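Structure assessment
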Amino acid sequence: MTSMTSATSGTGTIQVFTYKDGLLARLAHDLRLTLGRFEILRDGATVEGRFWPASLHVDGAMDRRGQVDVKALSDSDRRKIGENIAQEVLHLDRFPEASFRGQIVAGGGAVEGELTLAGRSATVRVPVQVAGDRLRGEVTLVPSRWGISPYKALAGAIKLQDRVLVVVDLAIDPSGSEVNRWSAG
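Attention here is on the structure that accompanies the text. (Residues numbered from 1 in each chain as written. Predicted model: local features only at pLDDT ≥ 70, side-chain atom pairs only at ≥ 80, totals over all residues. Heavy atoms only, no water.)

Further remarks concern the overall build of the protein chain. Each helix and strand counted, the protein chain has one helix and 14 strands in total. Taking all 185 residues of the protein chain together, the buried fraction comes to 40%. Taking the intrachain contacts of the protein chain between residues at least 6 apart in sequence as the baseline, contacts between residues at least 24 apart amount to 58%. Put simply, the protein chain shows about 10500 Å² of open surface, and 51% of that area lies on carbon and sulfur atoms. (Helix = DSSP H or I, 4+ residues; strand = E, 2+ residues; numbered from the N terminus. Buried < 20%, exposed > 50% of the residue type's maximum accessible area, 1.4 Å probe, protein only. Contact = heavy atoms within 4.5 Å. Areas by Shrake-Rupley, 256 points an atom, 1.4 Å probe, with all protein chains shown as cover.)

In the structure shown here, the tally under the stated rule is zero aromatic pairs. Over the ring of Trp-52 we find Arg-37, and its NZ or CZ is 3.7 Å from the ring centre. Just above the ring of Trp-146 sits the side chain of Arg-145; from NZ or CZ to the centre is 5.1 Å. (Phe/Tyr/Trp six-rings, centres within 6.5 Å; stacked < 30°, edge-to-face > 60°. Lys NZ or Arg CZ within 6 Å of the ring centre and 35° of its normal.)

One pass over the structure, following the stated rule, counts eight salt bridges. Two residues, Arg-50 and Glu-39, come together in a salt bridge whose shortest N-O distance is 3.8 Å. Highlighted residues: Arg-50 in strand E5 (residues 46–51) and Glu-39 in strand E4 (residues 38–43), separated in sequence by 11 residues. Under the relative-accessibility criterion, Glu-39 is labelled partly exposed at 36%. Residues joined in a network through salt bridges with shared partners are Glu-39, Arg-50 and Glu-97. (Salt bridge = Lys/Arg side-chain N within 4 Å of Asp/Glu carboxyl O.)

Relative to strand E10 (residues 120–131), strand E9 (residues 110–117) runs antiparallel, the two being bridged by eight bridges. Bridge pairing in E10 places Val-111 opposite Val-126. Turn length for the E9-E10 hairpin, with the two strands adjacent in sequence and antiparallel, is two residues, and the turn residue Ala-118 shows positive phi of about 55°. Alignment of E10 against strand E11 (residues 134–141), held across four bridges, turns out to be antiparallel. In the strand pairing of E11, Ala-131 is matched with Arg-134. Taking the residues between adjacent antiparallel strands as the criterion, E10 and E11 are bridged by two residues, where Gly-132 takes a positive phi near 65°. (Pairing = 2+ DSSP bridges.)

Structure, rendered in structure tokens:
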């Protein structure tokens, strides 16, 4: 994408929340993960993003108050979860990158476009809000729309729900530049 206007760069975070399900769900954890590597470019109303799911890091388990408990999982648990995500859920050996291409819509209150994940594309709409110098968006994704089956263990007695919440929080330049770049990793 090219533009004649000046560009501003910023940082941000993308967090992914997973939710447990199944007969033995009480033995499992709702999780928060953080995406360590991504690039997002806004040029006018066009928004493009590249995301590397192999950079997902397990932050910890969510407690009953909605806070991250970083001590609930051992390093071994975190590694095993990461391996399961890479090998059994997202098949990162075949699909190492996800991408998004869309447009700002609804008077700037949403971004709508095509998310390509695990080799499949589907339309998503992400409501966004500006608060001070932050741009925040939240979207619930249904992984089965991209052919991704929810993770299961113990013959399905422990499994993940077929939904994940993705929360994007980006620093913005208050000058109103037409071009913004955000990245991590």
